Amino acid sequence: MIASDAPLAVFDIDGTLVDSRASIHRAACEAALVLGLPEPEYDRVRQIVGLSLPHALHVLEPALTDAELADFVAAFQASFRAMYEAGHEEPLYPGVMDTLRRLKRDGWRLSLATGQNRRGVARNLARPEWSDLFLSSHCAEDGPGKPDPAMLRAAMHACGADAASTVMIGDTSHDITMAVAAGVHPLGVGWGFHTVEEQAAAGALHIAADFPDLEAALDRFASTKLYA
């Protein structure tokens, strides 16, 4: 039984729990080739991760017409489908499951807020043990994507939490900006798509260097009376 006053940890997926750096860059490059565009460098692609896919690809190639953007989105999705049909699965970062299990055991409420579509969320929730870990999941298809605070507010509503009891954990400035806009505790991680400097500039109060550091930061939050 989860206590009604338990803190809520809302996790991003790509770059926070799942190492999707190579596959996202590959899909962007393959989609660009379909449209006859130059292959984008990784540094450009990493900046858009976390945004909803149409928004992200518009930022990547702002000169595209609406029809071309739709083709770009379709080609990106087709690349990902081909990868998964060939048996690809993005790995979890080392330490993810230990941390999630420990938080669940300690009474935390857990949720997901991601720029993925609902298909991607379902694919991740099919991972062993994930379906029983999270009380809710929220994605860009549900409404406004990051950095709009809508999905984070939806997570709090679904889990019965308020802003003072909630931590948003993510690897991009989009996650941090969303957290700040929602009035929740913004906690960054240093192993994903955006740099420590980019997350700090967006307002991250702490940027974890590894999962033990992340757990320590969450312990500090839980030990306060801010959410009581």
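Residues numbered from 1 in each chain as written. Predicted model: local features only at pLDDT ≥ 70, side-chain atom pairs only at ≥ 80, totals over all residues. Heavy atoms only, no water.

- An unreviewed UniProt entry annotates the chain as Haloacid dehalogenase of Brevundimonas naejangsanensis.

### Comments concerning the overall build of the chain
Link 1 in the chain: The number of helices and strands found in the chain is 10 helices and six strands.
Link 2 in the chain: In terms of overall dimensions, the chain has a C-alpha envelope of 55 × 35 × 30 Å along the principal axes.
Link 3 in the chain: Relative to its full complement of 228 residues, the chain shows a buried share of 52%.
Link 4 in the chain: Accessible surface computed for the chain: about 10000 Å², of which carbon and sulfur atoms make up 56%. (Helix = DSSP H or I, 4+ residues; strand = E, 2+ residues; numbered from the N terminus. Buried < 20%, exposed > 50% of the residue type's maximum accessible area, 1.4 Å probe, protein only. Areas by Shrake-Rupley, 256 points an atom, 1.4 Å probe, with all protein chains shown as cover.)

### Some words on the packing of aromatic side chains
Link 1 in the chain: Summed over all chains, the structure comprises six aromatic pairs.
Link 2 in the chain: With 6.0 Å between their ring centres and 15 degrees between their planes, Phe80 and Tyr84 make a pair best called stacked. Here Phe80 pairs with Tyr84, and both are found in helix α4 (residues 66–85), just four residues apart, close to one helical turn. For the pair formed by Phe80 and Tyr84, the shared burial category is buried.
Link 3 in the chain: An angle of 65 degrees between the planes, with centres 5.4 Å apart, marks the rings of Trp130 and Phe134 as edge-to-face. (Phe/Tyr/Trp six-rings, centres within 6.5 Å; stacked < 30°, edge-to-face > 60°.)

### Comments concerning the nonpolar core
Link 1 in the chain: With 27 residues, the main nonpolar core has Phe11, Leu17, Leu100, Leu110, Trp130, Ile169 and Leu214 as its most contacted residues.
Link 2 in the chain: Those elements giving two or more residues to this core turn out to be β1 (8–11), α5 (96–105), β2 (109–114), β4 (166–170), β5 (185–189) and α10 (211–223).
Link 3 in the chain: Examining the composition of this core, we find that five residues originate from one element, α10, more than from any other.
Link 4 in the chain: The contact partners of Phe11, leaving out residues within four places of it in the chain, are Thr16, Leu17, Leu100, Leu103, Leu110, Ser111, Leu112, Ala113, Met168, Ile169 and Leu214. (Core = buried A, V, L, I, M, F, W, Y, C linked by side-chain atoms within 4.5 Å. Contact = heavy atoms within 4.5 Å.)

### Section: the pattern of salt bridges
Side chains bearing opposite charge may pair, as long as their charged atoms lie close to each other.
Link 1 in the chain: Enumeration according to the criterion identifies 14 salt bridges in this entry.
Link 2 in the chain: With a shortest N-O distance of 2.6 Å, Asp43 and Arg46 are connected by a salt bridge. Taken as a pair, Asp43 and Arg46 lie in helix α2 (residues 42–48) at a separation of three residues, close to a single helical turn.
Link 3 in the chain: Taking relative accessible area as the criterion, Asp43 reaches 43% and is therefore assigned partly exposed.
Link 4 in the chain: Among the salt bridges present, the one from Asp219 reaches Arg102, with a minimum N-O distance of 2.6 Å. Here Asp219, found in helix α10, pairs with Arg102, found in helix α5; they are 117 residues apart in sequence, far enough to count as distant.
Link 5 in the chain: Owing to a relative accessible area of 32%, Asp219 belongs among the partly exposed residues under this scheme.
Link 6 in the chain: Residues joined by salt bridges that share partners form a network here, namely Arg102, Asp106, Glu215 and Asp219. (Salt bridge = Lys/Arg side-chain N within 4 Å of Asp/Glu carboxyl O.)

### Focus on empty space enclosed by the protein
Link 1 in the chain: All told, the structure shown has one cavity of 30 Å³ or more when counted by the stated rule.
Link 2 in the chain: In this model, the largest cavity occupies a volume close to 40 Å³.
Link 3 in the chain: Tyr84, Glu89, Glu90, Arg123, Asn124 and Arg127 are the residues that line the largest cavity.
Link 4 in the chain: The residue makeup of the lining of the largest cavity, split by class, is one nonpolar, one polar and four charged. (1 Å grid on protein atoms, 1.4 Å probe; cavity = no way out; pocket = protein on both sides within 12 Å on 5 of 7 lines; lining within 4 Å. Points joined across faces, edges and corners; volume = space filled by probe spheres on them. Nonpolar A, V, L, I, M, F, W, Y, C, P; charged D, E, K, R; others polar.)

### Observations regarding the domain arrangement of the chain
Link 1 in the chain: Split into domains, the chain comes out as domain 1 (8–19 + 91–226) and domain 2 (21–86).
Link 2 in the chain: The distance between the C-alpha centroids of domain 1 and domain 2 comes to 24 Å.
Link 3 in the chain: Facing 18 residues of domain 1, the contacting portion of domain 2 comprises 16 residues.
Link 4 in the chain: Summing both sides of the interface, domain 1 and domain 2 together bury roughly 1400 Å²; the carbon and sulfur share of this comes to 50%.
Link 5 in the chain: The tally of links between domain 1 and domain 2 comes to two salt bridges.
Link 6 in the chain: In this structure, Glu198 and Arg46 form a salt bridge, with 2.9 Å as the shortest nitrogen-oxygen distance.
Link 7 in the chain: Linking domain 1 with domain 2 are eight residue pairs in polar contact (both at pLDDT 80 or more), by the criterion used here.
Link 8 in the chain: Split into classes, the residues belonging to the side of domain 1 that touches domain 2 amount to five nonpolar, seven polar and six charged. (Domains from an automatic or database assignment. Buried area = accessible area lost by both parts, 1.4 Å probe. Polar contact = N/O pair within 3.5 Å; in protein donor to acceptor, adjacent residues only side chain to side chain.)

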